[in-house]
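# Inside the fold
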Amino acid sequence: MSKVMQLVAGNIGHQQWREIMAAPGAVGFKPEVWKQAEASAAVVMKILAEGSTVYGINTGFGLLANTRIADGDLNVLQRRIVLSHCAGVGPALSEPVTRLVVAMKLASLMQGFSGVQAATLHLLSDMLAGEVYPVIPAQGSVGASGDLAPLAHLAAAMIGEGEATVQGVVYPAREALAKAGLTPVQLQAKEGLALLNGTQVSTAFALDGLYRAERVFGAAMLAGSLSVEAVRGSHKPFDARVHQVRGQLGQIRTAQSYRELLAGSAIGGSHEDCHKVQDPYCLRCQPQVMGASLDALQHAAKILGREANGVTDNPLIFTEDGSAISGGNFHAEPVGFAAEHIVLALCEIGSMSERRTAMLVDPALSELPAFLTADPGLNSGFMIAQVTAAALVSENKQQAMPAVVDSIPTSANQEDHVSMATHGARRLAGMASNAAYVVAIELLAACQALDMHASRDTPSSAALEQVRSVIRARVPMLDEDRLMAPDITVVKDMILHGELPFMAQSDTLLPSVFED
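Bear in mind that the values here come from a model prediction, so they are computed numbers and not experimental data. (Residues numbered from 1 in each chain as written. Predicted model: local features only at pLDDT ≥ 70, side-chain atom pairs only at ≥ 80, totals over all residues. Heavy atoms only, no water.)

### Comments concerning the overall build of the protein
Along the protein, the regular secondary structure elements total 20 helices and nine strands. Computed over its C-alpha atoms, the radius of gyration of the protein comes to 26 Å, within 12% of the 24 Å expected for a compact globule of 516 residues. By its C-alpha atoms, the protein is 85 × 50 × 45 Å across when sized along the principal axes. Burial analysis of the protein (516 residues in total) assigns 56% to the buried set. When the accessible surface of the protein is totalled, it reaches about 20,700 Å², and 54% of it is carbon and sulfur. Of the side chains in the protein, 36 bear a positive and 51 a negative charge, and the two mean positions are spaced by 2 Å. (Helix = DSSP H or I, 4+ residues; strand = E, 2+ residues; numbered from the N terminus. Rg over C-alpha atoms; globule rule 2.2 N^0.38 Å. Buried < 20%, exposed > 50% of the residue type's maximum accessible area, 1.4 Å probe, protein only. Areas by Shrake-Rupley, 256 points an atom, 1.4 Å probe, with all protein chains shown as cover. Lys, Arg positive; Asp, Glu negative; His and termini not counted. Charge placed at Lys NZ, Arg CZ, Asp CG, Glu CD.)

Here is the structure:
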């Protein structure tokens, strides 16, 4: 078995969440954390022993909250609430996202505010260690009262219902558990609701999108810098003084990165007295647009970092006074807002990148051969690659309608305002892929333009020559027309896998979206 990742419930950083997504493995918590969780479960047993009526413990749910359930039926209630809520549809969550959902649900319950017994917590932990992942449909949640339908499919696997995967193969859940030496759990009072309530699916979708967007952001900064060099653009718009007087932190930080990426370029010094007066906005306004995008992504990272560590089921159990309080932490509005920030950043990053590609292929603007081909007419060069970029930018725009401003009442108007955060976050992976393709096209176009300049002996900066060298090691110059799609896909994958220079978490040349 691989090394156990030790987690501090309520204080897990983005790096650990990323590691959980990246590869299977076991997680562990300190003994005192287990004691906290057990104390919370004891409070639930005490409430039952006293005969009190408490929502979610011995009542119905939603509009049926006022219906008292007999003690003898409480175990049946747990099973039925799970089965009845298994109404999710659509494709299953990816294995990395599913793994993140399970880990976040476990970390939330371990904090001792949910009244869940040790046996249930151990099963969740053992499923992670044994690589048994519930098959969770992606659609069916409105983001309040938590991600009910998707999380019900997680809970169903724990009681031996539904489906689960083992090493990528789908089995009936009971069989999947058995293959890992595990047995279904008998849910106790409140546990069904504790598992079903929560924002873990919405948050996992949003984090997946955020981590992809971070890489698209970094690659776009590299692409934009290469494009400046490709058209012999001015470095003056990146002067620190310009950005300091405005005071926007993201803008200041990105301008610094552009200066560092361009530092030492022989190209920049070779055309200081050229005929151009100003560069188009897609070049000189990069710090302003990318800086705003950085601010948006950093804000989303903070919000989602909190949410991933939060307790979002209902009711909550407080051991200090034995109270059970029904609130609304399951409402995923913070996740929905964060997702919209990521959407805006992805749209603008892609939009600006496509404009630079359009500039590069236009001889009137780039002063290079049309469509970056040595023999225009016989060759079409990057003509249709730019069309593809335009199509993807438009597609992202169409998906940018804020999901969070929509609401449809559910549960007979008991749940009368919902966040729609789940599908608001689910669209992010596709949008990030679109933006990555757009930036990949710009990277290829900018490298092509640099290759085409007559003064090839005039190098760009060491940093940008390193970027170009890494790309050229995988994709050669376009000497004549060939299939473009494979080249674009290769560079898109390099972006999303973080394989371009300076994109490692430990590298400080590009701005960081994260603080931990």
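### Quick look at the packing of aromatic side chains
Tallying each qualifying case throughout the model produces three aromatic pairs. When the centroid spacing of 5.2 Å and the interplanar angle of 25 degrees are considered together, the rings of F238 and Y258 count as stacked. In this pair, F238 is assigned in the loop between α9 (200-230) and α10 (240-244) and Y258 in helix α11 (residues 249-262), connecting sequence segments 20 residues apart. Summarising the burial analysis for this pair, F238 and Y258 share the class buried. (Phe/Tyr/Trp six-rings, centres within 6.5 Å; stacked < 30°, edge-to-face > 60°.)

### As for the pairing of strand β7 (residues 169-172)
Relative to β7, strand β6 (residues 163-166) is paired through four bridges, and the arrangement is antiparallel. The residue of β7 that forms the bridge with E163 is P172. Linkage of β6 to β7, two consecutive antiparallel strands, is achieved through a turn of two residues, within which Q167 is found at a positive phi near 50 degrees. (Pairing = 2+ DSSP bridges.)

### Some remarks on the pattern of salt bridges
Here the structure, examined in full by the defined rule, presents 17 salt bridges. One salt bridge connects D487 with R482, and the closest N-O pair in it is separated by 2.9 Å. For R482, a relative accessible area of 32% corresponds to the partly exposed category. By sharing partners, the salt bridges in this structure join D451, E465, R468 and R472 into a single network. (Salt bridge = Lys/Arg side-chain N within 4 Å of Asp/Glu carboxyl O.)

### Observations regarding a nonpolar patch on the surface
On the surface, a cluster of nonpolar side chains totalling about 240 Å² of accessible area is made up of M383, I384 and V387. According to the relative accessible area criterion, V387 is partly exposed, its value standing at 42%. (Patch = residues over 30% accessible without salt bridge, like charges linked within 9 Å, V, L, I, M, F, W, Y side chains within 5 Å.)

### As for the packing of α9 against helix α15 (residues 333-361)
Helix packing for two helices is described by the angle between their axes and how far apart those axes are. For the pair α9 and α15, the least separation of the axes is 9 Å and the interaxial angle reads 25 degrees. Of the possible angle classes, the one that applies to α9 and α15 is roughly parallel. α9 and α15 meet at a crossing whose hand is left-handed. Contacts from S202, T203, A206, G209, L210, A213, V216, F217, A220, G224, S227 and A230 in α9 reach V335, I342, L346, I349, R356 and L360 in α15. The class makeup of the residues in the contact of α9 with α15 is twelve nonpolar, five polar and one charged. (Axes fitted to C-alpha atoms, helices over the stretch in contact; angles between N-to-C directions. Parallel < 35°, antiparallel > 145°, perpendicular 65-115°, else oblique. Left-handed = near helix turned anticlockwise from the far one by under 90°. Contact = heavy atoms within 4.5 Å. Nonpolar A, V, L, I, M, F, W, Y, C, P; charged D, E, K, R; others polar.)

### Some remarks on unusual backbone geometry
Of all residues except glycine, most have a negative phi; of all peptide bonds, most are trans. The residue after A144, namely S145, is reached through a cis peptide bond having omega 10 degrees. The omega torsion across N314 and P315 is -5 degrees, close enough to zero to call that bond cis. Relative to the elements of secondary structure, P315 occurs in the loop between α14 (286-308) and β8 (316-318). In this model, F371 sits at a positive phi of 60 degrees, which is unusual for a non-glycine residue. You can see F371 is positioned in the loop between α16 (363-366) and α17 (383-398).

### A word on the nonpolar core
Among the nonpolar cores identified, the biggest contains 162 residues, and W17, F29, L210 and I495 are the most heavily contacted of them. When residues of this core are assigned to their parent elements, the largest contribution, 19 residues, is made by helix α18 (residues 421-452). Discounting residues that sit within four places of it in the chain, L210 has contacts with H14, L297, A300, A301, L304, I342, V513 and F514. (Core = buried A, V, L, I, M, F, W, Y, C linked by side-chain atoms within 4.5 Å.)

### A word on the packing of α15 against α18
Packing of α15 against α18 brings their axes to within 8 Å, and their N-to-C directions diverge by 20 degrees. In terms of axis orientation, α15 runs roughly parallel to α18. Pair α15 / α18 crosses with left-handed handedness. In the contact of α15 with α18, the residues fall into 20 nonpolar, five polar and five charged.

### Notes on the sheet that holds strand β4 (residues 132-134)
Reading across the sheet, the three strands line up as β4-β6-β7 and stay open at both edges, with antiparallel pairing between neighbours. The open sheet is flanked by β4 and β7, the only strands paired with a single partner. If you compare each strand with its neighbour and ignore which way they point, the axes differ by 35 degrees on average.

### Points about helix α2 (residues 31-50)
An ideal rise of 1.5 Å per residue puts 28 Å on 20 residues; α2 measures up with 29 Å between its terminal C-alpha atoms. The elements touched by buried residues of α2 are α3 (74-85), α4 (95-109), α5 (118-129), β8 and β9 (323-325). In the stretch just after α2, G51 is the one whose phi turns positive, near 80 degrees. (Expected span 1.5 Å × (residues − 1).)

### Considering the side chain of N309
Along the chain, N309 turns up in the loop between α14 and β8. In this structure N309 touches G10, N11, I12, W17 and Q111, once residues within four positions along its chain are discounted.

### So, the environment of V97
One can find V97 in helix α4. For V97, a relative accessible area of 3% corresponds to the buried category. Along the backbone, V97 and K492 are 395 residues apart, and their C-alpha atoms lie at a distance of 20 Å. Among residues more than four places away in sequence, those in contact with V97 are M21, A204, F205 and D208.

### Thoughts on the environment of S52
Looking at where S52 falls in the secondary structure, it is placed in the loop between α2 and α3. Sequence separation between S52 and G90 is 38 residues; the distance between their C-alpha atoms is 40 Å. Those residues in contact with S52, other than ones at most four positions away along the chain, are I47, N58 and R68.

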